[in-house]
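Understanding the architecture of this molecule
Each chain, letter by letter, is given below.
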Amino acid sequence: MARILSIAETIAYLLSDKLLVESPRTIETLRLNAWKHKIYIARQPIELEQCLERKNIMSRQYDLGYIGRLSLEKGIDTFLKIIIEVLRILKHRKPRIVIVGGGDLESLVNKVSVRINKAFGYEIITYHGWTPHEKVLGILNNTKIVIIPSRAEGIPNVLLEAMLCGTIPIVFDVGGVRDLMRDGLTGFLLNSDTGSAIKILNVINMNVHSLEKMSMIIYKYVRTIYSKERIKRLWN
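Structure report, in brief. Given the structure is predicted, the values throughout are model-derived calculations rather than measurements.

Our focus in this paragraph is the nonpolar core. Core analysis: the largest hydrophobic core is formed by 60 residues, its most contacted members being Phe79 and Ile99. Take this core: its biggest share by element is seven residues, from helix α3 (residues 76-89). Counting residues in each nonpolar core, the second largest holds seven residues, with Tyr13, Leu19, Val21 and Ile27 among its members.

Encoded structure:
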């Protein structure tokens with residue numbers, strides 16, 4: 001079956017006048033180098049008017065968040081590992097953490113959340129489970145930093161949505177992520193889970209003005225590159 005699908009895919013590429021991808025690095029990720037002569041970068045437009053007005057970073061309820069499917073591919077196990085290490089290192093102020101999503105590892109997330117909250121005697125982790133999309137943007141807008149530990153991605157939707165809310169993303173460097181983000185300016189890139197907790201702690205401990213400045217840069221940046229006018233020019 002895999003052989004048949006591969007042949008069908010190759011025929012489709014041969015017959016196509018143009019191949020549209022969302023970011024340059026997607027070409028390598030999907031092994032499309034042989035078709036570079038007919039590949040065009042074409043981002044999908046975002047309905048910016050549906051997005052919420054950015055909330056000041058310091059008035060947000062949650063310090064850290066994970067939004068997405070609770071699966072190994074999306075890296076929820078890595079997120080939990082990092083959070084446990086962050087809580088172990090921090091001696092005083094404990095971050096408020098929110099997890100949103102459903103999936104195969106839901107029972108693991110619930111178990112770890114209950115155990116951590118019981119150990120500290122209050123709710124450090126708020127677990128929402130599956131949540132309607134319109135409410136997800138509200139949670140993102142109430143979260144300072146979102147961690148996206150996916151093992152494989154193109155450009156994840158949650159990254160775009162986080163940036164639209166001015167939420168600071170910390171993202172594993174996979175797929176087309178680097179084409180959208182500028183490490184240290186519009187978020188932070190992680191190369192592996194080794195040392196991730198320290199980098200996340202450094203972001204948590206940034207001064208208020210630096211966090212707010214980065215949030216505003218992210219908020220404006222994504223609106224510029226995903227504006228309808230810019231997307232139309234790319235598609236034409």
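Moving on: the pattern of salt bridges. Inspection of the entire model under this criterion finds eight salt bridges. One salt bridge connects Lys199 with Asp183, and the closest N-O pair in it is separated by 3.8 Å. Residue Lys199 is found in helix α8 (residues 196-204), and its partner Asp183 is found in the loop between α7 (177-180) and β8 (188-190); the two are separated by 16 residues along the sequence. Relative accessible area serves as the criterion here: at 24%, Lys199 is assigned to the partly exposed category. Classification of Asp183 by relative accessible area gives partly exposed; the value is 44%.

Turning our eyes to something else, we now look at the sheet that holds strand β6 (residues 143-148). Spatial ordering of the open sheet is given by β5-β4-β3-β6-β7-β8, a layout of six strands whose pairing is parallel. In the strand order of this sheet, the two ends are held by β5 (125-129) and β8, each with one partner. With direction set aside, neighbouring strand axes in the sheet form an average angle of 20 degrees. As paired elements, strand β3 (residues 62-67) and strand β4 (residues 97-100) share four bridges and run parallel to each other.

Moving on to the environment of Ile168. Following the sequence through the fold, Ile168 ends up in strand β7 (residues 168-172). Sequence spacing of Ile168 and Ser215 is 47 residues, and the spatial spacing of their C-alpha atoms is 6.1 Å. Leave out the neighbours within four places in its chain, and Ile168 touches Lys144, Ile145, Val146, Phe188, Leu211, Met214, Ser215 and Ile218.

Conventions adopted
- Position numbers for residues start from 1 in each chain and track the written sequence from start to end.
- In view of the model being predicted, local features appear only for residues whose pLDDT reaches at least 70, and side-chain atom pairs are presented and counted only at 80 or more, with totals across whole chains, interfaces and linings using the full set of residues.
- In computing side-chain properties, one takes all heavy atoms of the structure into account and sets aside hydrogens as well as water.
- Within this scheme, the nonpolar core is defined by two criteria: the residues are buried Ala, Val, Leu, Ile, Met, Phe, Trp, Tyr or Cys, and they are joined through side-chain atoms within 4.5 Å.
- Relative accessibility thresholds used throughout: buried, under 20% of the residue-type maximum; exposed, over 50%; partly exposed, between the two (1.4 Å probe, protein chains only).
- The helix count covers DSSP runs of H or I at least four residues long, the strand count covers runs of E at least two residues long, and both are numbered beginning at the N terminus.
- By salt bridge we mean one thing: a side-chain nitrogen of Lys or Arg within 4 Å of a carboxyl oxygen of Asp or Glu.
- Strand pairing is assigned whenever DSSP detects at least two bridges linking the two strands.
- Where helices are involved, their axes are fitted lines through C-alpha atoms of the stretch in contact, as for all axes, and angles between N-to-C directions lie from 0 to 180°.
- Residues count as neighbours in contact if any of their non-hydrogen atoms are within 4.5 Å of one another.

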